[in-house]
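Residue-level listing of the chains:
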Amino acid sequence: MSIVPFQALACPLDGEPLQRDGSSWRCAGGHNFDVARQGYVHLLPVQKKRSLDPGDSKEMVAARRRFLNAGYYQPIADAVARVILEAMPEGVTFSCLDAGCGEGYYLRELAARAGESHTLEVLGLDISKWAVQAAARQDKQPGWVVGSNANLPVLPGSVDRLLCLFGFPVYPEFARALKPGGKLIQVDPGPDHLRELREIIYPEVKCGADKPQQVPEGFHHLNTETLRFPLDLTGAGEIADLLAMTPHLYRASQQGRERAAALENLSLTVDIRLHTFERKGATRASTPPGP
């Protein structure tokens, strides 16, 4: 499979198509977005930021890169790649958007598993500039953009496969971006995900249960797959990296973080739900982003 950058980008200010012009992307309205030296483009206007430096910090991105590159979540990457690639007819160009790509691990794993009979247009998007910088440095094949799931900088009906892995789904935007019949692949933690870590850092962990998966408006539910596997961490650095790449780092108390920092090994349960939804009907008409 040939991996090439996604081309159907839209201006985040007026929704018009963006065209590559040397080291910039431009729209007919005169808006211009430079390509950074690392190879990504920043498509998150300052007026759409909720903070000066949104998303994961540089330290969180580095922790996630070390943890994922060590292969601990390989079974998840394998399952996601299988769902993306299955039933793709040969000789057809497909587009794939990872909405919340982090440092690009799952897209790199997808590229490694792809065959030779397709062309896949790939776009990794994240609100963290540190994550996108790290992704662009590790792999030049996909397109990489700093952007928001609330205002995806892609043209309506331009995406065949859309990923949202441990992220923040914005279903109306996902429905707008996907082609009719396009698929949304969503990975969410199950009730036992990293339970052993949560029991250490929190004073109380409630017994959870699977909640019925709500089908987003504009989608059909195709399948939900449960993936569970054990995970053994044998060093304080690996445990610290896992904690740093999750929301638990900020939710835990100081005492909980100190208990985790004292560990030298930890056996965990990975428990995730992989949902596949299909986009219904015709593509909705595009409306320019608001101010």
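Residues numbered from 1 in each chain as written. Predicted model: local features only at pLDDT ≥ 70, side-chain atom pairs only at ≥ 80, totals over all residues. Heavy atoms only, no water.

S.K.: What is the right way to look at the overall build of the protein in this model?
M.R.: Of regular secondary structure, the protein possesses nine helices and twelve strands. Whereas a compact globule of 291 residues would reach a radius of gyration of roughly 19 Å, the protein reaches 19 Å, a difference of no more than 12%. Projected onto its principal axes, the C-alpha coordinates of the protein cover approximately 55 × 40 × 35 Å. Across the 291 residues that make up the protein, the buried fraction comes to 50%. (Helix = DSSP H or I, 4+ residues; strand = E, 2+ residues; numbered from the N terminus. Rg over C-alpha atoms; globule rule 2.2 N^0.38 Å. Buried < 20%, exposed > 50% of the residue type's maximum accessible area, 1.4 Å probe, protein only.)

S.K.: Honestly, the sheet that holds strand 4 (residues 32-34) in this entry has me stumped. Any pointers?
M.R.: Judged by pairing direction, the sheet is antiparallel, and its three strands sit side by side in the order 2-3-4 without closing on themselves. Every interior strand has two partners, whereas the edge strands, strand 2 (18-21) and strand 4, have only one. Neighbour to neighbour, the strand axes of the sheet diverge by 25 degrees on average, direction disregarded. As paired elements, strand 2 and strand 3 (residues 24-27) share four bridges and run antiparallel to each other. If you follow Arg20 over to strand 3, its bridge partner there is Trp25. (Pairing = 2+ DSSP bridges. Axes fitted to C-alpha atoms, helices over the stretch in contact; angles between N-to-C directions.)

S.K.: Explain unusual backbone geometry here, please?
M.R.: Note on backbone geometry: most residues besides glycine have negative phi, and most peptide bonds are trans. Of note in this structure, Phe166 is not a glycine but carries a positive phi near 55 degrees. Tracing the chain through its elements places Phe166 in the loop between strand 9 (159-165) and helix 5 (171-177). The phi angle at Leu194 is positive, at roughly 55 degrees, despite the residue not being glycine. By the element assignment, Leu194 lies in the loop between strand 10 (178-189) and helix 6 (195-201). Classification of Leu194 by relative accessible area gives buried; the value is 2%.

S.K.: What is the right way to look at the packing of helix 1 (residues 58-69) against helix 7 (residues 236-244) in this model?
M.R.: To characterise two packed helices, one gives the angle between the axes of the helices and the distance between these axes. Running from N to C, helix 1 and helix 7 cross one another at 125 degrees; their axes reach a closest spacing of 8 Å. Taken together, helix 1 and helix 7 sit at an angle that is classed as oblique. The chirality of how helix 1 crosses helix 7 is left-handed. Where helix 1 abuts helix 7, its residues Met60, Ala63, Arg66 and Phe67 lie against Glu238, Asp241, Leu242 and Ala244. Tallied by class, the residues present in the contact of helix 1 with helix 7 amount to five nonpolar, no polar and three charged. (Parallel < 35°, antiparallel > 145°, perpendicular 65-115°, else oblique. Left-handed = near helix turned anticlockwise from the far one by under 90°. Contact = heavy atoms within 4.5 Å. Nonpolar A, V, L, I, M, F, W, Y, C, P; charged D, E, K, R; others polar.)

S.K.: I tried to follow a positive patch on the surface on my own but got confused; where do I start?
M.R.: Among the surface-exposed residues, Arg37, Lys58, Arg137 and Lys140 lie close enough to one another that they form a single positively charged patch. Tracing the backbone shows Lys140 in the loop between helix 4 (129-138) and strand 8 (143-146). Assessed through its relative accessible area of 57%, Lys140 is described here as exposed. (Patch = residues over 30% accessible without salt bridge, like charges linked within 9 Å, V, L, I, M, F, W, Y side chains within 5 Å. Areas by Shrake-Rupley, 256 points an atom, 1.4 Å probe, with all protein chains shown as cover. Salt bridge = Lys/Arg side-chain N within 4 Å of Asp/Glu carboxyl O. Lys, Arg positive; Asp, Glu negative; His and termini not counted. Charge placed at Lys NZ, Arg CZ, Asp CG, Glu CD.)

S.K.: Please explain the nonpolar core as it appears in this structure.
M.R.: For soluble globular proteins, the rule of thumb is that nonpolar side chains tend to be buried together. Ranked by size, the top nonpolar core spans 55 residues in total, and within it Phe67, Tyr73, Ile76 and Leu242 carry the most contacts. The element best represented in this core is helix 2 (residues 74-85), accounting for eight residues. Residue contacts for Leu242: discarding those within four places in its chain leaves Phe67, Tyr73, Leu194, Leu197, Leu233 and Leu268. Within the second largest apolar cluster, 27 residues are counted, among which are Leu18, Val159, Ala175 and Phe277. (Core = buried A, V, L, I, M, F, W, Y, C linked by side-chain atoms within 4.5 Å.)

S.K.: Sorry if this is basic, but what is going on with helix 1 here?
M.R.: Residue pairs spaced three or four apart in an α-helix point in one direction, given the helix's 3.6 residues per turn. Taking 1.5 Å of rise per residue, the twelve residues of helix 1 would be expected to cover 16 Å, and the 16 Å separating its terminal C-alpha atoms lies within 8% of that figure. In this fold, the buried residues of helix 1 make contact with helix 3 (105-113), helix 4, strand 11 (219-233), helix 7 and helix 8 (248-251). (Expected span 1.5 Å × (residues − 1).)

S.K.: Explanation requested: the pattern of salt bridges in the structure shown.
M.R.: One side chain can pair with another of opposite charge once the charged atoms of both are near each other. A complete count under the given rule lists 14 salt bridges for this structure. For Arg66, the salt bridge identified is with Asp241, shortest N-O distance 2.7 Å. Separated by 175 residues along the polypeptide, Arg66 in helix 1 and Asp241 in helix 7 bring together distant segments of the chain. Under the relative-accessibility criterion, Arg66 is labelled partly exposed at 46%. For the salt bridge of Arg82 with Glu225, the shortest nitrogen-to-oxygen distance reads 2.7 Å. Here Arg82, found in helix 2, pairs with Glu225, found in strand 11; they are 143 residues apart in sequence, far enough to count as distant.

S.K.: How do you make sense of the packing of helix 2 against helix 3 when you look at a structure like this?
M.R.: Axis separation between helix 2 and helix 3 bottoms out at 9 Å; the angle between their running directions is 60 degrees. Put simply, helix 2 runs oblique to helix 3. As helix 2 packs across helix 3, the resulting crossing turns out to be right-handed. Side by side, helix 2 and helix 3 meet where Gln74, Ile76, Ala77, Asp78, Ala81, Ile84 and Leu85 of the first sit next to Tyr105, Tyr106, Glu109, Leu110 and Arg113 of the second. Looking at side-chain class alone, the contact of helix 2 with helix 3 contains eight nonpolar, one polar and three charged residues.

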